[in-house]
Amino acid sequence: MPERPKMTLNRRDQILKLIVEHFVKTAQPVGSQTLIDEYHLKYSSATIRNEMNALEQLGFLEKTHSSSGRVPSSEGYRFYCEYLRDKDIDDSFKALVNQILDEKTKSIDEIVKSSCQILSHMTSLASVVLGPNINEERLASIQCIPLSPTSVSVIFVTNQGFVQNKTFVIQDETTVNDLKQCLQLFNDRLVGTPICDLIEKTEALRPVLNDYIVNHDVVYKAMIEAFVKFASDRLSLYGKNELFEQPEFASDAENLKKVIKLLESPHELKKSALNSESDYQEGNITIHIGASNDKANSDISIVTTKLKIGDMPEGTIALVGPKRMDYDTVVSALEFIIAQINERFKKESE
C-alpha cells in the first residue's frame with residue numbers, strides 16, 4: 001500500500017495539531033515558547049500567542065487556571081480527529097498483530113483477546129469487549145454430562161454460541177437420573193426462550209420441580225444463577241491497571257472512582273458508548289469525546305468499533321481512557337486490527 005501523503009496545514013491548524021499531540025504526550029498545558037522550543041516553529045512567540053487566542057475564541061482550546069498554557073477542548077479534539085490526525089500506525093504494532101493472526105490454531109476469542117491486550121499495552125488505555133444484545137439471543141440447549149457418581153456438569157448453550165457451565169453435586173436423596181429428568185423439563189419448557197426472559201420463566205417452573213426431584217431448591221437456585229450470568233451483558237476487560245496509571249486517574253481519586261464504576265458496569269458502558277450520540281465517526285469507528293452527553297463522565301472518552309465475523313453474533317471492541325487520549329493511534333490501530341481479523345477469517349471461509 002503506498003504511503004499516504006502528508007497534508008499541508010495552514011498556520012493555525014498546524015499550531016492546533018501540535019498542541020493536541022504535545023498535550024496527549026505530556027498531560028501538561030502548552031504555551032507558545034514550548035511550541036518554539038520543542039517543534040522549532042519559525043513564527044514569533046507573539047504570532048503563536050495570537051493564533052492560540054484565536055483558537056480559544058473558536059472553542060478549540062481552553063486556558064487552564066494554573067498557567068498561561070492551553071489545552072485542547074472537546075471541540076478541539078473533534079476537529080483534530082476529523083481533519084488533522086496523520087492516520088499512521090506503528091510498524092511494530094502491525095507485526096505483533098500479524099504474528100497473532102498467523103497462529104492458525106488460535107480461536108476467534110483468543111485472537112480478539114490477544115489483540116486487545118496489545119491495544120491496551122500500546123495505548124495505556126483499557127480495552128473492552130462487549131457481547132451481543134441479549135434481546136436477540138435465545139437458549140439453544142441444556143446438556144448434562146456425568147463427572148462422577150456424585151456430580152454432573154450441566155452446559156447451557158445459546159443460539160449465538162455463548163456457553164455457560166455449571167457443576168451440580170448430587171445430594172443423598174437424589175440420583176443422576178432424577179437430575180436428568182429435571183433438566184429435560186427445562187429443555188422442554190425453556191429452549192427457544194429469549195435470554196432476557198429466562199429468569200421469569202424459570203421462576204414459573206419452580207412449583208413443578210417438586211414432582212421431579214426432592215432437593216429441587218438446589219437445582220432451582222443453580223439454574224437461576226446460570227441464567228443471571230446469561231442475562232448480564234458480557235464484558236471482557238484488559239489493561240485496567242495501565243489505564244489507572246494515566247495522570248488523570250493516578251492523581252485524582254474522583255476521576256478514578258468514575259472510570260472504575262464505568263468499567264465495572266456493562267450497562268453503563270453500553271449506555272455511554274453505544275446508545276448516545278457520537279462526536280465523530282470514521283468508517284466503522286465511533287468516537288465519544290468526554291463520553292458525549294454523559295456529564296458524570298465528561299473527562300472520559302470511548303472509541304468503539306463493531307466486530308462481526310461470519311455467522312457469529314456482532315460484538316463491540318471499545319477503548320476507554322481520559323479525554324486526553326491519542327486518538328490518532330487509537331483509531332488507526334482499531335481500523336488495522338478489524339481489517340486484519342476480517343481478512344484472516346475471510347480467507348479461512350473461502
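Owing to the predicted nature of the structure, the values given are computational and were not obtained by experimental measurement.

Rules and cut-offs
- Residues numbered from 1 in each chain as written.
- Predicted model: local features only at pLDDT ≥ 70, side-chain atom pairs only at ≥ 80, totals over all residues.
- Heavy atoms only, no water.
- Helix = DSSP H or I, 4+ residues; strand = E, 2+ residues; numbered from the N terminus.
- Expected span 1.5 Å × (residues − 1).
- Buried < 20%, exposed > 50% of the residue type's maximum accessible area, 1.4 Å probe, protein only.
- Contact = heavy atoms within 4.5 Å.
- Arc of directions from axis to C-beta.
- Salt bridge = Lys/Arg side-chain N within 4 Å of Asp/Glu carboxyl O.
- Phe/Tyr/Trp six-rings, centres within 6.5 Å; stacked < 30°, edge-to-face > 60°.
- Lys NZ or Arg CZ within 6 Å of the ring centre and 35° of its normal.

Details of helix α7 (residues 176-190)
Helix length check: α7, at 15 residues, gives a terminal C-alpha distance of 21 Å against a target of 21 Å (1.5 Å per residue), a fit within 8%. Among the residues making up α7, those that are buried are Leu179, Cys182, Leu183, Leu185, Phe186, Asn187 and Leu190. Two residues or fewer past α7, Gly192 is found with a positive phi of approximately 95°.

Section: the environment of Pro149
By the element assignment, Pro149 lies in the loop between β4 (139-148) and β5 (151-158). For Pro149, a relative accessible area of 74% translates into the label exposed. For the pair Pro149 and Val176, spaced 27 residues apart in sequence, the C-alpha to C-alpha distance is 7.7 Å. When sequence neighbours within four positions are dropped, the list of residues in contact with Pro149 reads Ile170 and Val176.

Examining helix α3 (residues 45-57)
Taking 1.5 Å per residue, 13 residues should reach 18 Å; α3 reaches 18 Å between its end C-alpha atoms and fits that length. Residues of α3 that are buried include every one of Ser45, Ile48, Glu51, Met52 and Leu55, and no others. Taken end-on, α3 shows its buried residues confined to a sector of 125°, consistent with a single buried face. For α3, the exposed residues set more than 90 degrees away from the buried face come down to Asn50 and Gln57. Among the structural elements, α1 (11-26), α2 (32-39), β1 (61-63) and β2 (70-72) are those in contact with the buried residues of α3. Phi turns positive, to about 90°, at Gly59, one or two residues after α3.

With respect to the pattern of salt bridges
In total, this model carries 12 salt bridges according to the counting rule given. A salt bridge links Arg11 to Glu51; its shortest N-O distance comes to 2.8 Å. Here Arg11, found in helix α1, pairs with Glu51, found in helix α3; they are 40 residues apart in sequence, far enough to count as distant. A relative accessible area of 36% places Arg11 in the partly exposed class. Where Glu21 meets Lys17, a salt bridge forms, and the shortest distance between an N and an O atom there is 2.8 Å. Residue Glu21 and its partner Lys17 are located together in helix α1, separated by four residues, close to a single helical turn. Under the relative-accessibility criterion, Glu21 is labelled partly exposed at 24%. Residue Lys17 is classed as buried on the basis of its relative accessible area of 11%.

Some thoughts on the packing of aromatic side chains
Tallied over the full model, the rule gives four aromatic pairs. Ring centres of Tyr77 and Tyr327 lie 5.3 Å apart, and the angle between their planes is 55°; this geometry places the pair in the tilted category. Taken as a pair, Tyr77 in helix α4 (residues 74-84) and Tyr327 in helix α14 (residues 327-349) lie far apart in primary sequence, 250 residues in all. By the burial criterion, Tyr77 is buried, and Tyr327 matches it. With centroids separated by 4.8 Å and ring planes inclined at 45°, the aromatic side chains of Phe79 and Tyr83 adopt a geometry described as tilted. Here Phe79 pairs with Tyr83, and both are found in helix α4, just four residues apart, close to one helical turn. Judged by its relative accessible area of 45%, Tyr83 is partly exposed. Members of the aromatic cluster, each reached through a chain of ring pairs, are Phe60, Phe79 and Tyr83. The side chain of Arg11 reaches across the aromatic face of Tyr43, ending 5.5 Å from its centre.

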